Amino acid sequence: MEAENFDGTLGAFKGRKPFRPFTVALVDGDRFEVDHPDALVVRDGVAVYIRPGGVPVLFDHEGVSQIVGDLMGQTNE
């Protein structure tokens, strides 16, 4: 994923009103759910997500395979 697309996409998901959790899938197969907008910081193609309990996850634009979320306001059941 290009750094500009990475920053813009994560920013769009983070800024949704109301906020809805979304999933980041990494190229190594790991996945995590961003459950709060203030738990994510993105800048210049690099991001840090603080998991519950204070555990940080560092990732960059090259390590993301996809970002999965509900952009249309529909829930995944």
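To keep things clear, this report deals only with the structure shown in the data block.

Here is what the cut-offs are and how they apply
Per-chain numbering applies: the sequence of each chain, read as written, is numbered from 1 onward. It should be noted that, the model being predicted, local features are given only for residues of pLDDT at least 70 and side-chain atom pairs only at 80 or more, the latter also being counted only at that level, while totals for whole chains, interfaces and linings use all residues. The side-chain quantities take in all heavy atoms of the structure and omit both hydrogens and water. Think of a salt bridge as a Lys or Arg side-chain nitrogen and an Asp or Glu carboxyl oxygen that are within 4 Å of each other. Relative accessibility decides the category of a residue: with a 1.4 Å probe and only protein chains considered, values under 20% of the type maximum give buried, values over 50% give exposed, and everything between is partly exposed.

**Considering the pattern of salt bridges**
Here comes step 1: Following the criterion strictly, the structure yields one salt bridge and no others.
Here comes step 2: Here R43 makes a salt bridge to D44, at a shortest N to O gap of 3.8 Å. The burial state of R43 is the same as that of D44; both residues are exposed.

**Here we look at unusual backbone geometry**
Across the chain, the bulk of peptide bonds are trans and the bulk of non-glycine residues have phi less than zero.
Here comes step 1: In the segment running from K17 into P18, the intervening peptide bond is cis, with an omega of -5°.
Here comes step 2: Of note, D44 is a non-glycine position whose phi angle comes to about 50°, a positive value.

What is shown is where atoms sit, not what they do.
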